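Structure assessment
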There are 2 protein chains.
Amino acid sequence: MFKKIAIFGVGLIGGSFALALKKAQVVQHVVGIGRSSSSLLRAQQLGIIDSIATSTSISVAIQDADLILLAAPVAQTANILAAIAPHLQPHTIVTDAGSTKNDVIAAARLALGEKITQFVPAHPIAGREMHGPEAALADLYQGKKTVITPLPENSPQSIETVSAAWGHCGAIIHQLTPEQHDGVFAAVSHLPHLLAYALVDEIANKPHADVLFQYAASGFRDFTRIAGSSPEMWRDISLANQAALLVELDAYMAQLATLRTLLANGDGPGLQALYANAQQARQAWGRAIEAVEK
Amino acid sequence: MFKKIAIFGVGLIGGSFALALKKAQVVQHVVGIGRSSSSLLRAQQLGIIDSIATSTSISVAIQDADLILLAAPVAQTANILAAIAPHLQPHTIVTDAGSTKNDVIAAARLALGEKITQFVPAHPIAGREMHGPEAALADLYQGKKTVITPLPENSPQSIETVSAAWGHCGAIIHQLTPEQHDGVFAAVSHLPHLLAYALVDEIANKPHADVLFQYAASGFRDFTRIAGSSPEMWRDISLANQAALLVELDAYMAQLATLRTLLANGDGPGLQALYANAQQARQAWGRAIEAVEK
């Protein structure tokens with residue numbers, strides 16, 4: 001049972017965390033902290049949070065908190081960490097919900113100093129197209145993965161506190177090192193976003209873009225869906241995970257060069273072998289995902 | 001009204017064409033021709049075709065046909081054209097349903113000689129994951145585009161015959177030159193397939209592929225859905241549209257090189273501008289498509 005949880009950013013991610021813990025009846029009081037007072041008021045009206053704190057009342061808001069969740073846009077993470085550091089009590093655990101981990105950990109080490117022991121990084125793998133307090137759902141994390149990337153300095157108890165909180169949200173807890181995490185998500189999430197943005201930007205910049213878009217159909221629709229995502233958020237993720245994303249991008253560009261050679265040589269068996277390997281893997285993955293989601 | 005239509009390949013594409021024209025009551029007799037006698041028998045049982053012809057009875061089957069549709073796998077197109085050429089009567093119009101046009105036209109010129117006037121190339125933009133006669137639907141083409149790419153040798157009447165047939169299927173008729181067609185579909189369909197296959201093949205070949213696939217989520221699912229398509233079919237399309245596809249692949253690789261520079265330089269405003277341009281174009285396209293489909 002958590003007596004008090006403080007949440008920075010009460011939109012989709014932070015709001016859903018609060019609603020889930022309230023539904024599980026494992027938290028007595030949730031205080032919301034953020035830059036937009038209208039969002040905070042709306043979150044309070046919706047029963048997501050019980051009280052509101054502003055940047056001037058952070059010290060009071062967090063001093064008796066068991067857990068602090070950083071769920072504001074990642075660009076604010078360093079500032080929030082700097083603001084809470086002087087007031088952080090030894091019994092309070094801090095966690096986050098960012099899509100990248102190495103950059104958040106570096107910022108946390110800088111801001112928290114010796115209190116880094118209290119920071120347990122995490123990444124819930126869930127989302128929806130909408131955002132803001134109205135988009136928050138008590139079951140957003142139900143059956144979804146949350147990846148925790150513990151630090152060597154974390155105590156087993158602090159890791160358990162964060163695992164338990166996400167477990168109460170219905171999430172399946174995974175552990176990776178921060179490096180593993182950032183490499184994995186560079187490959188299966190960040191690179192596909194970059195590739196989809198690249199294709200749509202390129203087509204949109206062609207002189208006959210209107211003709212091209214006119215004949216784009218369902219394959220194009222699915223392939224480019226993620227190019228409709230927030231440019232600011234994906235700029236931040238791209239820069240935050242720059243090193244791992246460059247590794248994946250270079251590997252993909254080398255792969256395209258290989259494929260180009262097969263195509264230019266008219267190598268039918270070579271193209272078919274590559275396509276068939278991909279088809280098999282994609283279908284096996286699809287079946288595995290469906291089995292889990294059933 | 002068509003007295004007789006001959007269809008090579010009575011699967012999803014050819015079968016749906018037959019069902020649509022029967023539903024519109026504009027055809028008296030449909031003869032099915034193909035290599036699989038079980039498919040032909042099934043198509044007859046399902047009421048898709050009225051009679052069956054084999055390779056030895058082609059001359060009889062097509063001699064009184066008003067229209068011949070080539071809907072077998074594109075790899076068979078040259079052989080089918082060669083088989084029908086000697087028996088093709090002057091009043092019979094031939095059309096096809098291939099995803100690429102320049103290669104089919106080259107094969108048709110070779111096989112048909114002076115009878116090329118009777119060949120009006122077309123490409124219905126419709127499909128579904130299933131195939132075979134059971135997958136055929138009378139409304140598969142309803143509200144979908146069919147692109148006709150007439151030849152300079154085609155008479156206005158022969159173009160009108162093919163347009164009318166697809167129009168009776170409920171399709172919206174577009175006209176492009178064969179070169180325009182192949183360029184457009186290289187950009188908005190063939191390249192995305194190649195890119196999706198490339199990504200899944202690359203991930204599947206990594207030593208930690210199982211870990212990567214474990215964390216792939218909905219963005220990856222949509223981006224790679226087309227990598228589940230038939231490797232044989234996409235090998236054929238890639239080779240058939242080799243020239244246009246190489247142009248698009250080279251443009252995309254140059255675009256990735258630009259994006260890589262932005263990322264390596266940590267150029268936040270540059271990344272955001274590219275992502276934002278893509279997002280705007282993708283959202284505008286999405287709204288336009290939804291408006292048409294409503």
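Here's what I pulled together on the structure shown here.

Rules and cut-offs
Residues numbered from 1 in each chain as written. Chains lettered and ligands numbered in written order. Predicted model: local features only at pLDDT ≥ 70, side-chain atom pairs only at ≥ 80, totals over all residues. Heavy atoms only, no water. Helix = DSSP H or I, 4+ residues; strand = E, 2+ residues; numbered from the N terminus. Buried < 20%, exposed > 50% of the residue type's maximum accessible area, 1.4 Å probe, protein only. Areas by Shrake-Rupley, 256 points an atom, 1.4 Å probe, with all protein chains shown as cover. Least-squares fit on C-alpha atoms with pLDDT ≥ 70 in both. Contact = heavy atoms within 4.5 Å. Pairing = 2+ DSSP bridges. Axes fitted to C-alpha atoms, helices over the stretch in contact; angles between N-to-C directions.

Check the secondary structure of chain A and you find 12 helices and 9 strands. Viewed in the frame of its principal axes, chain A has a C-alpha envelope of about 70 × 40 × 40 Å. For chain A, buried positions account for 55% of its 294 residues. Of the roughly 12000 Å² of accessible surface on chain A, 54% is carried by carbon and sulfur atoms.

Now for the relation of the copies chain A and chain B. When chain A is brought onto chain B, the operation consists of a screw motion whose angular component is 180° and whose axial shift is 0.0 Å, with 0.0 Å RMSD remaining. The relationship between the two copies is best expressed as a two-fold rotation axis. Closest to the rotation axis within chain A is the C-alpha of Phe223 of chain A, separated from it by 2.0 Å. Looking at the interface residues of chain A, 100% of them are also at the interface in chain B, so both copies use one shared face.

Take the sheet that holds strand S5 (residues 93–96) of chain B next. Residues and elements named next belong to chain B. Across the sheet, which stays open at both edges, the 6 strands sit in the order S3-S2-S1-S4-S5-S6 with parallel pairing between neighbours. The outermost strands of the open sheet, each flanked by one partner alone, are strand S3 (51–53) and strand S6 (119–120). For strand S4 (residues 67–70) and S5, the ladder comprises 4 bridges, and the chain directions are parallel. By the bridge assignment for S5, Ile68 is matched with Val94. Docked against the sheet, helix H1 (residues 12–23) engages strand S1 (2–8), strand S2 (27–33) and S4, running at close to 165° with respect to S1. In the packing of helix H6 (residues 156–168) onto the sheet, contacts are made with S1, S4, S5 and S6, and the angle to S5 comes to roughly 50°.

Attention shifts here to the environment of Leu112 of chain B. Residues and elements named next belong to chain B. Summarising the element assignment, Leu112 is placed in helix H5 (residues 102–112). Between the alpha carbons of Leu112 and Ile49 there is a distance of 26 Å; along the sequence they are 63 residues apart. For Leu112, the residues in contact, after removing those within four places along its chain, are Leu81, Ala85, Leu88 and Phe119.

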